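The residues making up each chain are set out below.
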Amino acid sequence: MRLLTALFFIFSTLGADDFIAKRDYAKLLYSNPRGIGCDKCHGEDGMGLVIARVKKKGEIRDFSAPRIDNVTKQAFFKALNSPKDIMPKYSLTNEEMGILFEYITNRL
Ligand code: HEC
């Protein structure tokens, strides 16, 4: 993670490249947020995924993560601050959550 922070610092001082660099940083953070990558459950582009398909008593049940590219900022922060179900708890700063939100909702 220190590397990510260092990369972000370097990128953010590059001026003209800032736009692209911030997106690259967000992409890295999305797949490696100091824990299991968001992409593993929500998909590379945040469109949601079926994580596992379990057959129980002849009935098939899907465990899935919802699409997150269309949520409000409030819902996004809420999910990260108080995750439900199998969504893991992360220790992300507000800045990191903000960057992830902008990235996944294509504002970055
Ligand atoms: C192990 C799988 C898993 C991982 C990894 C994961 N999530 Fe989730 N996430 C879920 C599930 C399942 C839900 C639905 C929880 C519920 O029932 O409300 C969810 C819910 C959310 C929501 C709320 C969606 C809504 O409609 O309100 C957001 C936003 C979100 N996750 C973002 C993230 C981000 C960002 C990361 C990475 C930092 C991440 N998630 C990592 C499984 C995961």
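Before reading further, recall that the structure is shown in the block above.
Rules of the game
Residues numbered from 1 in each chain as written. Predicted model: local features only at pLDDT ≥ 70, side-chain atom pairs only at ≥ 80, totals over all residues. Heavy atoms only, no water. Donors = N, O, S within 2.8 Å, 3.2 Å for Na, K, Ca; no water. Tetrahedral: all angles 85-135°; square planar, octahedral: opposite > 155°, others 65-115°. Helix = DSSP H or I, 4+ residues; strand = E, 2+ residues; numbered from the N terminus. Buried < 20%, exposed > 50% of the residue type's maximum accessible area, 1.4 Å probe, protein only. Lys, Arg positive; Asp, Glu negative; His and termini not counted. Salt bridge = Lys/Arg side-chain N within 4 Å of Asp/Glu carboxyl O. Phe/Tyr/Trp six-rings, centres within 6.5 Å; stacked < 30°, edge-to-face > 60°. Patch = residues over 30% accessible without salt bridge, like charges linked within 9 Å, V, L, I, M, F, W, Y side chains within 5 Å. Areas by Shrake-Rupley, 256 points an atom, 1.4 Å probe, with all protein chains shown as cover. Near = heavy atom within 4 Å. Polar contact = N/O pair within 3.5 Å; in protein donor to acceptor, adjacent residues only side chain to side chain. Nonpolar A, V, L, I, M, F, W, Y, C, P; charged D, E, K, R; others polar. Contact = heavy atoms within 4.5 Å.

1. Let's talk about the coordination of the iron atom of the ligand
Okay, step 1: Around the iron atom of the ligand, the protein contributes the donor atoms H42 (NE2) and M87 (SD), at 2.0 Å from the metal centre.
Okay, step 2: In this structure, the iron atom of the ligand is surrounded by 6 donor atoms whose angles at the metal cover 87 to 178 degrees, and the resulting shape is octahedral. Placement of H42 in helix 3 (residues 38–42) and of M87 in the loop between helix 4 (73–81) and helix 5 (94–104) is noted, with a sequence separation of 45 residues between them.
Okay, step 3: We classify H42 as buried; its relative accessible area is 10%.

2. Considerations on the side chain of D39
Okay, step 1: Within the fold, D39 resides in helix 3.
Okay, step 2: Within the buried set, D39 has no salt-bridge partner at all; the shortest N-O distance to an opposite charge, 4.0 Å, is to K40.

3. A closer look at the packing of aromatic side chains
Okay, step 1: This model, assessed by the stated rule, comprises 2 aromatic pairs.
Okay, step 2: Ring geometry for Y30 versus Y103: centroids 5.9 Å apart, planes at 55 degrees, classification tilted. Here Y30 is found in helix 2 (residues 18–31), whereas its partner Y103 is found in helix 5, with 73 residues between them in sequence. Each member of the pair, Y30 as well as Y103, carries the same accessibility label: buried.
Okay, step 3: When the centroid spacing of 5.4 Å and the interplanar angle of 65 degrees are considered together, the rings of F76 and F101 count as edge-to-face. Pair noted here: F76 is in helix 4 and F101 is in helix 5, with a separation of 25 residues, a long-range link.
Okay, step 4: Given a relative accessible area of 9%, F76 falls into the buried group.
Okay, step 5: Using a relative accessible area of 5% as the deciding quantity, one classes F101 as buried.

4. Side note on a nonpolar patch on the surface
Okay, step 1: On the surface, L49, I51, V54, F63 and I86 cluster together to form a nonpolar patch covering roughly 380 Å² of accessible area.
Okay, step 2: Its place among the elements puts V54 in strand 1 (residues 49–56).
Okay, step 3: Classification of V54 as partly exposed rests on a relative accessible area of 35%.

5. Comments concerning the site of the ligand
Okay, step 1: The environment of the ligand is made up of 20 residues, and the closest members are C38, C41, H42, M87 and Y90.
Okay, step 2: Here a nitrogen atom of the ligand sits 2.8 Å away from a polar atom, N or O, in the side chain of H42.
Okay, step 3: Listing elements by their share of the shell around the ligand, those giving two or more residues are helix 3, strand 2 (59–65) and helix 4.
Okay, step 4: Considering only residue class, the shell around the ligand consists of 15 nonpolar, 3 polar and 2 charged.

6. Things to note about the environment of R67
Okay, step 1: Relative to the helices and strands, R67 is located in the loop between strand 2 and helix 4.
Okay, step 2: Residue class for R67 comes out partly exposed when judged on its relative accessible area of 39%.
Okay, step 3: R67 sits 19 residues away from G48 along the chain, and the two C-alpha atoms are 3.9 Å apart.
Okay, step 4: When near neighbours in sequence (up to four residues on either side) are disregarded, R67 contacts G46, M47 and G48.

Nothing here speaks to function; it is geometry throughout.
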